[in-house]
Amino acid sequence: MALVTAEELQSELDMFSIPCQDESVLDKMLEQCICYQLQADEMLHQWVAYGSKKGGPKLTMDTLDQFEHEVLKKRTKSRQNFRKEDSHNRTRDIQTVHDLCSETESASPGLLLSPASFSPSATPSQKYSQRGGKGEVVVTFGAVQGTRWVGRKNPGAGVQPELLEGPDDSLRCSYKYMFQRLRDVRNVLTEKIEELGENLRTHFSIEEFSPVSLPAQDSITVLGQVCCDSNGKLNAQSVLLEAGPEQGGQQVPVDLSELKEYSLFPGQVVVMEGMNATGRKLVASKLYEGVPLPFYTSNVKMETDEEPMNVLVACGPYMPSDSLTFDPLLDLISVIVRDRPDVCLLLGPFVDSKHEQIEKAQVTETFEAIFSRCIESIVDGTKSVGCHLVFVPSQRDIHHHFIYPQPPFTLPNLSKDQAQRVTLVPDPCTLLIDGVTFGVTSTDILFHMGAEEISCGTGSDRFSRILKHMLTQRSYYPLYPPVEEVNMDYEKFQSFGQMPLTPDVLIIPSELRYFVKDVAGCVCVNPGRLTKGQVGGTYGRMLIQSSATPEDGKRVNPCLTAQVVKI
């Protein structure tokens, strides 16, 4: 394994916007990379994952020592004492679990989510209960002066979220997976190259594409998919362009030195112009990137004096990492009761597979039972408000299918009245709510693409670049190959993982810092997570006006204002 350099580490720190001014801290990190045989990107991913559980600690000598003790050393130790260490927390028998379920029937949301129901040793999180800044607004978008964050007089009345693709063309139930063949994957990727290539050819008035590996003394224009020449991370020296079958289906190395600016990632479909005198290397001189799809246009005339729609959005985990209490969720329910939003978009994980006590098998109830009581508490706790609830699954929901695209939850025990207020959708999905389109995904594509993207000379920030890539590639997950934790079914991905249009609002939660941004006319919202390790996190809220009046004939985004708020 090649030794990591200080420059590589600093580059990774800059990529994740982690400040490190102390050379001794950088040296310590470099020493840990060498001792534990980690590459720079692996080290940073481990640190970011650790930091998300600890509330985002600063990079110091002390925190690095803690990180080494709690994470790096454990990587090298055997887990042979795991059963002995946790034997006192062994799962109880079925009868005990049944008794626990019986005791909690007809209870209030607070009692349903009592920690004693899930683990005999559960105690409330001290760090969460002692958090500061409750209700503090940390991000503001649009004009908010004098804004009242309340729903309409009858929250949820007449609001019925629906999947834009329609019931027959959307992912409505579970499906068989792990049966795909390599040639089927290849066909999906080929179709993506051809479809986006045709859009690029038409938009930029390109006559035709040349084969990527054909020697030519004149400048040529080629179409293909960006990939890496090895299993490592993409860099400026490892870029390949892979053509579709119509252009020969071959790969050619790309020299990027003549491009003044670029932003590339594995799986990106691009058109390049340049020289390929030998047929063995393309010296790129111009890069053509895609264009987003049109926005949704409704034939229904909206009332101009209609009240704005209040939309709340939150993403799990809904428990602190050091406790099996749902205190953050109960606080969110209190916010919903107070603000009375019209729609609540609630994204998983609801029962987080990465929770410390779930990983150690310290729960005394089935994951499905915990999930059912969690949802029941949300539905019952917001009954007085009447708001519409949209539930989106996550790859980290331990009780659900961990496949992408991910089918919606099933809640067979909901009553008829409850079901009228609940919409269950897949991940990802495109929703139409009161004439406004919402793109929604709980998969952390920002984090995944942030680790793979390379850029030079681009003025925009990394988040905006990645979001623009999603819109121009017209996909909720344009990265190929996907990261190891994403189990992709390409046949379903082709049908349900693409954007049918450019959404008015894109909900894209991430471990990375929360934000609200306007990217190519689409308001993109990362509300953060409701908990960050042991401490409280954030949620988002928006005021949506579907009858927003165009200015000078130009489209106006229906999102009047948005905020990210600490729970």
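Residues numbered from 1 in each chain as written. Predicted model: local features only at pLDDT ≥ 70, side-chain atom pairs only at ≥ 80, totals over all residues. Heavy atoms only, no water.

Enquirer: Describe the layout of surface pockets, naming the residues involved and giving the relevant values.
Expert: Estimates place the volume of the second largest pocket at around 1,200 Å³. If you go around the second largest pocket, you meet 40 residues; those closest to its centre are G56, E511, L512, R513 and K532. Counting residues per element, the ones that place at least two in the lining of the second largest pocket are α1 (6-15), α3 (40-53), α14 (445-450), α15 (462-473) and β20 (535-536). Of the residues forming the lining of the second largest pocket, the biggest block, 4 residues, is contributed by α3. Here the residues of the lining of the second largest pocket are counted per class, giving 16 nonpolar, 13 polar and 11 charged. When residues of the lining of the second largest pocket are assigned to domains, at least three map to each of domain 1 (6-69) and domain 3 (294-443 + 486-566). (1 Å grid on protein atoms, 1.4 Å probe; cavity = no way out; pocket = protein on both sides within 12 Å on 5 of 7 lines; lining within 4 Å. Points joined across faces, edges and corners; volume = space filled by probe spheres on them. Helix = DSSP H or I, 4+ residues; strand = E, 2+ residues; numbered from the N terminus. Nonpolar A, V, L, I, M, F, W, Y, C, P; charged D, E, K, R; others polar. Domains from an automatic or database assignment.)

Enquirer: Give me the pairing of strand β17 (residues 515-519): which residues, what numbers.
Expert: On any regular strand, side chains alternate: one points to one face of the sheet, the next to the other face. Counting buried positions along β17 gives 4 out of 5 residues, so the element sits mostly inside the fold. When β17 meets strand β18 (residues 522-526), the two strands line up antiparallel, connected through 5 bridges. Among the inter-strand pairings, F515 is bridged to a residue of β18, identified as N526. Between β17 and β18, which pair antiparallel and follow one another directly, the connecting turn spans 2 residues, one of which, A520, has a positive phi of 55°. (Buried < 20%, exposed > 50% of the residue type's maximum accessible area, 1.4 Å probe, protein only. Pairing = 2+ DSSP bridges.)

Enquirer: A description of the environment of V425 should follow, citing residues and the corresponding values.
Expert: Turning to its location among the elements, V425 is positioned in the loop between β12 (422-424) and β13 (429-433). Judged by relative accessible area, V425 falls into the buried class, the value being 0%. Linking V425 and P161, residues 264 residues apart in sequence, is a C-alpha distance of 9.8 Å. Once residues within four sequence positions are removed from consideration, V425 is found in contact with L163, V390, F391, V392, P393, P408 and L431. (Contact = heavy atoms within 4.5 Å.)

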